[in-house]
Structures are given as C-alpha cells and as structure tokens.
Amino acid sequence: MSAATAGRRTVRITHVGVELALHQLRDGDGRALLCLHGLGERTPDAVPRHLAAWPGPVWGLDFTGHGASSSPAGGGYTAEILMADADHALAHLGEATVVGRGLGAYIALLIAGARPRSVAGAILTDGPGIAGGGPSPHSPVSLRPPAEIDGGATPDPFALIELARDVRPGDYATTFVRQAVQFSGLEVPVAVAAVVHPPWLAAVVDAQGVVAEGLPEALGRYAAAVRTTPG
Amino acid sequence: MLAVASLVDTAPPPAPTRSQVGAPSYPGARRPDRHRVVDSDGVRLAVWEWGDESAPPVLFAHGGFDFAGTFDTLAPRVADAGYRVVSWDHRGHGDSSKGHLYSWEADLRDALAVLGSTGARSLPVVGHSKGGALMLQLADAQPHRVSHLVNLDGLPSARSWPDVPDHHRTRMLDGELASWLDHRRGAIDKVRRPGTIEELAERRARMNPRLELEWLRYLVPIGAFEQPDGWRWKIDPAMRMGGFGPWRPEWSMARLPALGMPVLCVLGLELEHMGWGTRPEDVYPKLPAGGRFVPLDGVGHFVHIEKPAVIADLILDLLA
C-alpha cells in the first residue's frame, strides 16, 4: 500500500456477481459525500483538494469494470447498471450527497431521481464520458473493442466503448430531476457545476429544481441542507 | 488489479437434441439435430442447429424470456427445405450461461459471435419479438453480414407506451425505480420457484395465453431443469420483465426504412401482453423499398408457434 492510500479503507460489496470497491477516503461525522468518477477513471487515493471543504466523511465508488472493482465477462454495460452500483454504495452509507465527474455526473443524476430519499443533493461536474452517445441512437458498425481483451484489467474495454455511446435523451434525464424534486424533500436537489453542457445536461440545467453554481457553493449548499417532509 | 469475475458454472445438462433419449414430443415439433457452444467474450452461448450441416445457414433469434427450443416447430420446416437453421439461447436464457450484465448491445454482439461461428460472411436472419428487433438492428448496423431479414412480430412502435399524466407518471416511476433497485440488491440470492411440469406450463400460459398447454408442457423439459424439489425455468433469476431506460420503442422501427436487403415483416394482429401493440398503419410508412409486409388476422404475438407452416412458407418464399 502506498503512502497516498495508507488512510484509505475499502469495503467490498457484491452487485450480482460483480465485486464493487467502495473506498472511504476520509472518516468523519455527519452525512457522507459519495464521489463517482468519470468514464475510464477510478476513485482517487485521497480526498481531492476541491472536495476537502466537505464537513463529513468522504467516500468514493469504483464503478463496475473500473479501478479496484471487478470486470464482468462479455460487457453489457448500461448507465442504469452503474446507477445500481451507486445504489449498492447507498445501501452501505445510508444517506449521502453525491458528486459525480463526467459519466459519474450522469449517474449521480440518475440515482438522485431513483433513490430521492437517500440522496441529499447531486452535484454534477465536468469529467470524462459526460456526453455519452448523445440524445439519439446510432448504428454501431463496431461492436467489439478494437484491442484484444486484457483478462480482467480495468478499465474494462467494453465499459469504455459501451458507456461512451449509451444514449442520453434530454427528456429522459429531466425525468430523474422531476423524481428528485418530488420525493427528495429538497427544493434544489441537483446542482450543475459542470461548464460543459452536452444535450442531456443542457436539458437538466433548465429544469425546475436545478441550480447552476460553482463547486464550493454546491458543497456548501448540501452540507447545510435540511430536508422537508418528502412528497 | 482484479481477475475477471468467474461465472459460477452450476449449469444443468443442456436440453436434449433430436436423437437423445428423453426428448419431449409435440405434433410437428422436432428437437435440433445438433448442439454446440460458442464463446462470446467469456459468455458461453448454447447454439442449436436443425438440418444438413453443409446446407446454407439461416440465423434464428428468439424473443425475450424464450429460448431456441421455441423454434422447434418452425425451424424443422425451414431446414427440410434445404437450409441449416442456426439459433442460440440469448445470454441468461435457456442453456447459455448467465451474464453478469445484460444489454441490447451485448445481445447484438452475441448474435454476431453466433453468426461468425456459422462460417458464413453474410446470411439470412429471422427474429421473433426481441429477436426481431435485434436482427433489425444487426441488419442496419452490419448490412454486410445480413442477406435477408425476416421480422416476426418484432416491430416496436410508440403506441405501446401508456399515455398517463405527468404527476401520475412520477408516482408510478418512483415505485418502478425503487423496485428495480431493490431487485438488484437482492438478485444475488434469487432462485426461480420450483414446480411440476404442469405448474410451469400454467405459469408460462399467463404470459402466453393463446398457446396450447400441450405446447407449453413440451417446452418445460427444454427450458427448465429438474431438481429434487421440482422443475425450474433456466432463465437467470437476476433478469426481470419490464424495467426502464432511455430506449424508445420507435427507435427500433426507425431503422426499417434504411434497409437495402430483401425484408419480410410479419405482424400478428391479435393484441397480447407480450407484444408491442404495433398496428399495420405504423408499419406501412416505414417499409423499405421492395419490403414485404404480412399482417395476420386472428394470430397473436407468437406467430411462428401459432402458424408454423404459414411462416415457414413466407420465409422460404423470401429466400427463393
């Protein structure tokens, strides 16, 4: 174990045959901050400086096929499966504020809408895989990664090709905003700190219940957030 | 840093082929002549073949929650006309291994692995329901691999979406999302409910109400396996019907006008729970140039099981 990861504690969670690695980057009291990495990335070894202001414990999840989580055989990745990865992390943490980079920002939005009573705010930031495959389907001539599969190494090449082209319609994304608004007990359950807005995020940023603000403001907002009784 | 998670291989013995003792019987049905396995990037696919091994191959794709054995009445008719019918159990279905993950694109890649295993560069494809929509995308994405396309009641249209007000939809979706995630949390320990052959047939009849019980009983020893406490369907308990996602049914039909190979679309006009609710007026404007469309009155979603002779003749006519 390197000095950088010396303080990091890892919890293993099984998600239907895949071993997920959930890392505790910092202990503390109060609500956890759950960090979701971008496409092809992994959880950092320590709390990134830009998240250090979070008052409570900080955790990071390696998605299926990424970092220290396992890679399944034969691909089949969808954003919804990664959302279920995040749900497994929530099952361990109870409640969390979720901050996501790129692909992880999209997943943060999905889980905020799907588990509105467990997610106290989703912060969407820039990062790899933020656009996905755009808002409409395509006709993929290439269905397999070009390289030979390197047995079990992460990131899984199937994750890279499949999650780089999963379709993300704007009205699908805003459905999850609506769920979060109605059931989270937060007036503003989604904060967009990303400066690049692919079509799904452009739709989200215009929706009711979403604020565009810097990362420090968003962290401050959810550190102080108190829920009203959810609808 | 971690090895590929290994699939626990507790697979029961595969369904019997034609020559094996214990092969079930049903009027007009014939078990495949051969069974083999194709590896699709670590997922073991059970492949089934009817007809002469040296005859020109035709690829058959079954529907969701089905398996290749559901072609036991259609495939022999096509094989006997001089073809080698090749089908496979989709990942998580029948005798194929469970996938850790399931997606449309993974199924498409599996289809291509089976297609490649026939040795043909390009061949006719036939698909029912989900398999039909899958073959439609294969023909669109890989036109150089598909010589003819037959789609059997596998044309999703926008019509199948219930029209509900937004506020009601939000409440409904809240339950759907939570229930899907709860299922994922518990799916690791799930097993299918055991029963007698009769009970499994009756359970299947709820999803396939127009099919004869005798046919559904025939399917049990093929699609299910026996343990001391009874029979269980082989389909992966981690899978479940319905679900949600960004996919719109009309995206599938939007691929139809682009196709350049000979195309035959068959629609059963009796509406069924397992079907898409697509009407002829949804299909006609999307037919590619020269495409043939056959709506069948008084026939349900499982057109090939209700009318195997009619469907076989239509397929052979397209291939002639």
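Being a predicted model, the structure only gives us computed values, none of them experimental. (Residues numbered from 1 in each chain as written. Chains lettered and ligands numbered in written order. Predicted model: local features only at pLDDT ≥ 70, side-chain atom pairs only at ≥ 80, totals over all residues.)

### With respect to the overall build of chain A
Line of reasoning, step 1. What chain A contains, in helices and strands, is six helices and eight strands.
Line of reasoning, step 2. Radius of gyration (C-alpha) of chain A: 17 Å, near the 17 Å computed for a compact globule of 231 residues.
Line of reasoning, step 3. Across chain A, every contact between residues at least 6 apart in sequence was considered, and the portion connecting residues at least 24 apart equals 75%. (Helix = DSSP H or I, 4+ residues; strand = E, 2+ residues; numbered from the N terminus. Rg over C-alpha atoms; globule rule 2.2 N^0.38 Å. Contact = placed C-beta atoms within 7 Å.)

### Observations regarding the nonpolar core
Line of reasoning, step 1. If you look at the biggest cluster of nonpolar residues, it comprises 77 residues, and the most contacted ones within it are A:Leu34, A:Ile107, A:Ala108, A:Leu109, A:Leu124 and A:Val190.
Line of reasoning, step 2. Per-element accounting of this core gives the leading share, ten residues, to helix H2 (residues 103–114) of chain A.
Line of reasoning, step 3. Setting aside residues up to four positions removed in sequence, A:Ile107 forms contacts with A:Leu36, A:Ala79, A:Leu82, A:Met83, A:Ala86 and A:Gly100.
Line of reasoning, step 4. One finds B:Trp88, B:Val146, B:Leu219 and B:Ile235 within the second-largest nonpolar core, a separate group that totals 69 residues. (Core = buried A, V, L, I, M, F, W, Y, C linked by C-beta atoms within 7 Å. Buried ≥ 20, exposed ≤ 12 C-beta atoms within 10 Å, placed from the backbone.)

### Re the sheet that holds strand S4 (residues 84–88) of chain B
All names here are of chain B.
Line of reasoning, step 1. With mixed pairing, eight strands are arranged side by side in an open sheet as S1-S2-S4-S3-S5-S6-S9-S10. With one partner strand each, in any of the chains shown, strand S1 (34–40) and strand S10 (292–296) form the two edges of the open sheet. The mean angle between the axes of side-by-side strands here comes to 20 degrees, regardless of whether they run parallel or antiparallel.
Line of reasoning, step 2. Here strand S3 (residues 57–61) runs beside strand S5 (residues 123–128); their pairing, made up of three bridges, is parallel. Within S5, the position partnered with Ala61 by the bridge is Gly127.
Line of reasoning, step 3. Contacts between helix H10 (residues 308–319) and the sheet are confined to S5, strand S6 (146–152), strand S9 (263–268) and S10, with S6 contributing the most and set at about 155 degrees to the helix. (Pairing = 2+ DSSP bridges. Axes fitted to C-alpha atoms, helices over the stretch in contact; angles between N-to-C directions.)

### Some words on the pairing of S5(B)
All names here are of chain B.
Line of reasoning, step 1. Of all six residues in S5, five are buried; the element is thus mostly enclosed.
Line of reasoning, step 2. With six bridges joining them, S5 and S6 adopt parallel strand pairing. The residue of S6 that forms the bridge with Val126 is Val150.
Line of reasoning, step 3. Read from S5 through helix H3 (residues 130–141) to S6, the crossover connection turns out right-handed. (Right-handed = clockwise from strand over helix to strand, strands pointing away.)

### Side note on the confidence of the model for chain B
All names here are of chain B.
Line of reasoning, step 1. For chain B, mean pLDDT is 91; residues scoring 70 or higher make up 93% of the total.
Line of reasoning, step 2. Confidence drops under a pLDDT of 50 for residues 1–9, and excluding neighbours within four residues, the segment shows 21 contacts in the predicted structure.
Line of reasoning, step 3. Reported for the predicted complex are a pTM of 0.91 and an ipTM of 0.89. (pLDDT = per-residue confidence, 0-100.)

### What to know about helix H6 (residues 213–223) of chain B
Line of reasoning, step 1. Within H6(B) the residues assigned to the buried category are B:Trp215, B:Leu216, B:Tyr218, B:Leu219, B:Val220, B:Ile222 and B:Gly223.
Line of reasoning, step 2. The inward-facing, buried residues of H6(B) contact helix H5 (197–207), strand S7 (224–227), strand S8 (230–233) and helix H9 (303–306) of chain B.

### Overview of the packing of H2(A) against helix H4 (residues 170–183) of chain A
All names here are of chain A.
Line of reasoning, step 1. For the pair H2 and H4, interaxial distance at closest approach is 7 Å and the crossing angle is 45 degrees. As far as their axial angle goes, H4 and H2 are oblique. For H2 against H4, the interelement crossing comes out left-handed. Contacts from Leu109, Leu110, Ala112, Gly113 and Ala114 of H2 reach H4 at Ala173, Thr175, Phe176, Val177, Gln179 and Ala180. (Parallel < 35°, antiparallel > 145°, perpendicular 65-115°, else oblique. Left-handed = near helix turned anticlockwise from the far one by under 90°.)

### What about the sheet that holds strand S3 (residues 32–36) of chain A?
Residue and element names in this part refer to chain A.
Line of reasoning, step 1. Taken in spatial order, the eight strands line up as S1-S2-S4-S3-S5-S6-S7-S8 in an open sheet, and their pairing is mixed. Two strands in the sheet have a free side with no partner beyond their single neighbour: strand S1 (9–15) and strand S8 (210–212). Mean inter-strand twist for the sheet, computed between neighbouring axes without regard to direction, equals 20 degrees.
Line of reasoning, step 2. Across the face of the sheet, helix H6 (residues 215–223) comes into contact with strand S5 (96–101), strand S6 (119–125) and strand S7 (190–192) while running at roughly 175 degrees to S6.

### Some details on unusual backbone geometry
Line of reasoning, step 1. A cis amide bond links A:Thr154 to the next residue, A:Pro155, at an omega of -5 degrees.
Line of reasoning, step 2. Checked against the element boundaries, A:Pro155 lands in the loop between S6 and helix H3 (157–163).
Line of reasoning, step 3. In this structure, B:Asp41 is a non-glycine residue whose phi angle is positive, near 50 degrees.
Line of reasoning, step 4. Here B:Asp41 lies in the loop between S1 and strand S2 (43–50).
Line of reasoning, step 5. For B:Asp41, a count of 19 C-beta atoms within 10 Å puts it in the partly exposed group.
Line of reasoning, step 6. Positive phi outside glycine occurs at B:Ser129, with the angle close to 55 degrees.
Line of reasoning, step 7. Take B:Ser129: it is sitting in the loop between S5 and H3.

### Digging into the interface of chain A and chain B
Where interface size is given, it is often the accessible area lost as the parts come together that is meant.
Line of reasoning, step 1. At the interface, 44 residues of chain A touch 36 residues of chain B.
Line of reasoning, step 2. When contributions to the side of chain A that touches chain B are tallied by element, the ones reaching two or more residues are S1, strand S2 (18–26), helix H1 (79–93) and H4 of chain A.
Line of reasoning, step 3. Of the residues belonging to the side of chain A that touches chain B, the class tally is 19 nonpolar, 17 polar and eight charged. (Nonpolar A, V, L, I, M, F, W, Y, C, P; charged D, E, K, R; others polar.)

### Structural notes on the pairing of S7(B)
Residue and element names in this part refer to chain B.
Line of reasoning, step 1. With four bridges joining them, S7 and S8 adopt antiparallel strand pairing. Directly across from Phe225, in S8, lies its bridge partner Arg232.
Line of reasoning, step 2. Here S7 folds back onto S8, and the loop between the two strands holds two residues.

### Points about the packing of helix H2 (residues 104–117) of chain B against H3(B)
For any two helices packed against each other, the geometry is given by the interaxial angle and the distance between the axes.
Residue and element names in this part refer to chain B.
Line of reasoning, step 1. Running from N to C, H2 and H3 point in directions that differ by 75 degrees, and their axes come no closer than 10 Å. Here H3 runs roughly perpendicular to H2, going by the angle between their axes. Touching Asp107, Leu108 and Ala111 of H2 are Leu134, Gln137 and Leu138, all from H3.
Line of reasoning, step 2. Residue composition of the contact of H2 with H3, grouped by class: four nonpolar, one polar and one charged.

### Side note on the environment of B:Tyr284
All names here are of chain B.
Line of reasoning, step 1. Take Tyr284: it is sitting in the loop between helix H8 (280–283) and S10.
Line of reasoning, step 2. The class of Tyr284 is exposed, set by 12 C-beta atoms lying within 10 Å.
Line of reasoning, step 3. Linking Tyr284 and Pro24, residues 260 residues apart in sequence, is a C-alpha distance of 40 Å.

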